[in-house]
Amino acid sequence: MTTILDKVLGRERVLVRENERALTLHKGEIKAVLLPGEHWLANRNQSLEVSRHDLKNPEFVSVYEKALFDKLPDVAARHFTVIRTGRTEVAVIERDGNLHSVLAPDRKLVLWTDAGPWKVTVIDTSADLAIDPPVMRRLGQARKAEMMSVHPVVDGQAGLLFIDGVLVRTLAAGVHGFWNVGRMVQIKVVDLKRQSLDVAGQEVLTKDRVTIRVNIAAEYRVVDPVKAVSAVKDFSEALYRALQYAFRKTLGALTLDQILEKKVTVDEEAAAKVRADMAEIGVEVSDIALKDVILPGEMREILNQVVSAEKQAEANVIRRREETNATRSLLNTARVMAENPVMLRLKELEALETIAGKVERLTVHNGTGGLLNDLVKLRDS
């Protein structure tokens, strides 16, 4: 407590707590940094000025910073930790073993040394922007990830790393982190698994000038992701166009009948061209199939009529063949009977037996003598 005597002597009591530090100025000139404790300072005519700082906020931000470092460099060196980063450097700052902050390139940070202990790791990003996985995890856990970008690459994929538009390397499966320090980082993920592509409803003009629509399906996988990305803008679009072109060229040289009759052959001819073209850009094409050939409505009706007429003609040919065979059989039978009277009589008796089995009463006119006599003659023969 300041007494009347202290006021007469021009002294003022300044109490600094353990969690505080204080700067003192006399007549506007920086004089000292006060540590915790009781301090008696000259203050005639209110010439004393005290600037208090809570160590809970360890960053030293003051309008008197430059004056302090210029006029009292030894004092500043005892009480402050100064961190500076170069144009391509990043500083990871730890406080008592815990991640405190990350300092961007071309920056300066002044910390109260007593608020530490401090550990500073300076990282040069000019050679590589990649962040070590342990540091990346710590940044994420401490919610200090504003200066990094995270890019996952799952199994079955390849990640292509571009920095400022230049391909740097291929990333394996895993989680990758990179510093955002003024350079553009891009990751293009390429799926290496087998995939399918459908080209539906493609119109083709056949050799006999019939417009048809075809559906094509293909299976492919990327075997060289660097070539697949760098050779063309979009390799899946390139495959789509290759299928279109190959099938239009192949099918356009065939008539409709040839396409309908030789679908498998057409697929193989088109597939050879597609596979060769796509192999040059790092894409392996396996199965290619011409799934459907769709005719216009009027063409379907005409084709149905043709098929119906063909089937009818085939049926007529079969019917005539059967009639001819039946007639030939009757002719052979007649020839046998003409040459053998006994066979003719047997046929007559068979016919009589059949008739007798279907009627309840049989009336024989002129008696049965003639019939019996014929039977006896037949037996004697």
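Predicted model only: the values in this text are computed from it and were never measured.

Calculation criteria
- Residues numbered from 1 in each chain as written.
- Predicted model: local features only at pLDDT ≥ 70, side-chain atom pairs only at ≥ 80, totals over all residues.
- Heavy atoms only, no water.
- Helix = DSSP H or I, 4+ residues; strand = E, 2+ residues; numbered from the N terminus.
- Buried < 20%, exposed > 50% of the residue type's maximum accessible area, 1.4 Å probe, protein only.
- Contact = heavy atoms within 4.5 Å.
- Areas by Shrake-Rupley, 256 points an atom, 1.4 Å probe, with all protein chains shown as cover.
- pLDDT = per-residue confidence, 0-100.
- Core = buried A, V, L, I, M, F, W, Y, C linked by side-chain atoms within 4.5 Å.
- Pairing = 2+ DSSP bridges.
- Axes fitted to C-alpha atoms, helices over the stretch in contact; angles between N-to-C directions.
- Phe/Tyr/Trp six-rings, centres within 6.5 Å; stacked < 30°, edge-to-face > 60°.
- Polar contact = N/O pair within 3.5 Å; in protein donor to acceptor, adjacent residues only side chain to side chain.

Caption draft 1: View of the overall build of the protein. Scanning the protein from N- to C-terminus turns up eleven helices and 19 strands. Classification of the 381 residues of the protein by burial places 31% in the buried group. In the protein, the share of contacts with a sequence separation of at least 24, taken over all contacts with a separation of at least 6, comes to 65%. With an accessible surface of roughly 24100 Å², the protein has 51% of that area assigned to carbon and sulfur atoms.

Caption draft 2: Up close: the confidence of the model for the protein. Looking at the protein as a whole, the pLDDT averages 84, with 81% of positions reaching at least 70. Per-element confidence in the protein ranges from a low mean pLDDT of 48 for helix α11 (residues 369-380) to a high of 97 for strand β9 (residues 108-112).

Caption draft 3: The arrangement of unusual backbone geometry in detail. Note the cis peptide between G116 and P117, where omega equals 10°. Along the chain, P117 falls in the loop between β9 and β10 (118-124). In the Ramachandran plot, N45 falls in the positive-phi region, its phi being about 60° despite a non-glycine side chain. Along the polypeptide, N45 turns up in the loop between β4 (37-42) and β5 (48-54). On the basis of relative accessibility, which here comes to 78%, the residue N45 falls in the exposed class.

Caption draft 4: Spotlight on the nonpolar core. L243, V274, V283 and I288 are the most contacted members of the largest nonpolar core, which totals 35 residues. At the level of secondary structure, the elements contributing two or more residues to this core comprise β13 (157-163), β17 (195-205), β18 (211-222), α5 (225-231), α6 (235-252), α7 (256-261), α8 (263-279) and β19 (283-294). In terms of residue count, α6 provides more of this core than any other element does, seven residues in total. Ranked by size, the runner-up nonpolar core spans 21 residues in total, among them L23, V33, L72 and I83.

Caption draft 5: Up close: the sheet that holds β19. Reading across from one edge, β17-β18-β19 is the order of the three strands in this open sheet, with antiparallel pairing throughout. Of all strands in the sheet, those with a lone pairing partner are β17 and β19, marking the two edges. The average angle at which neighbouring strand axes cross in this sheet is 20°, direction not considered. By the bridge criterion, nine bridges tie β17 to β18 in an arrangement that is antiparallel. Across the sheet, Q195 pairs through a bridge with Y220, a residue of β18. Its contacts with the sheet put α6 on β17, β18 and β19, and the angle it makes with β17 is roughly 35°.

Caption draft 6: Fine view of the packing of aromatic side chains. According to the stated counting rule, one finds four aromatic pairs in the structure shown. Ring geometry for F60 against F80: centres 4.5 Å apart, planes inclined by 40°, an arrangement best described as tilted. Taken as a pair, F60 in the loop between β5 and α2 (65-71) and F80 in strand β6 (residues 80-84) lie far apart in primary sequence, 20 residues in all. Comparing F60 with F80, the two get one shared label, buried. When the centroid spacing of 5.7 Å and the interplanar angle of 40° are considered together, the rings of F69 and F80 count as tilted. Here the residue F69 occupies a position in helix α2, and F80 occupies one in strand β6, the gap between them amounting to eleven residues. For F80, a relative accessible area of 5% translates into the label buried. Within the aromatic cluster, the residues linked to one another by ring pairs are F60, F69, F80 and W112.

Caption draft 7: Molecular detail of the environment of K108. For K108, the location among the structural elements is in strand β9. K108 gets classed as partly exposed once you look at its relative accessible area, which sits at 41%. A sequence separation of 26 residues divides K108 from V82, and the C-alpha atoms of the two residues are 7.2 Å apart. For K108, the residues in contact, after removing those within four places along its chain, are E65, V82, I83, R84 and L103. Polar side-chain contacts of K108 include one of 2.8 Å to the side chain of E65.

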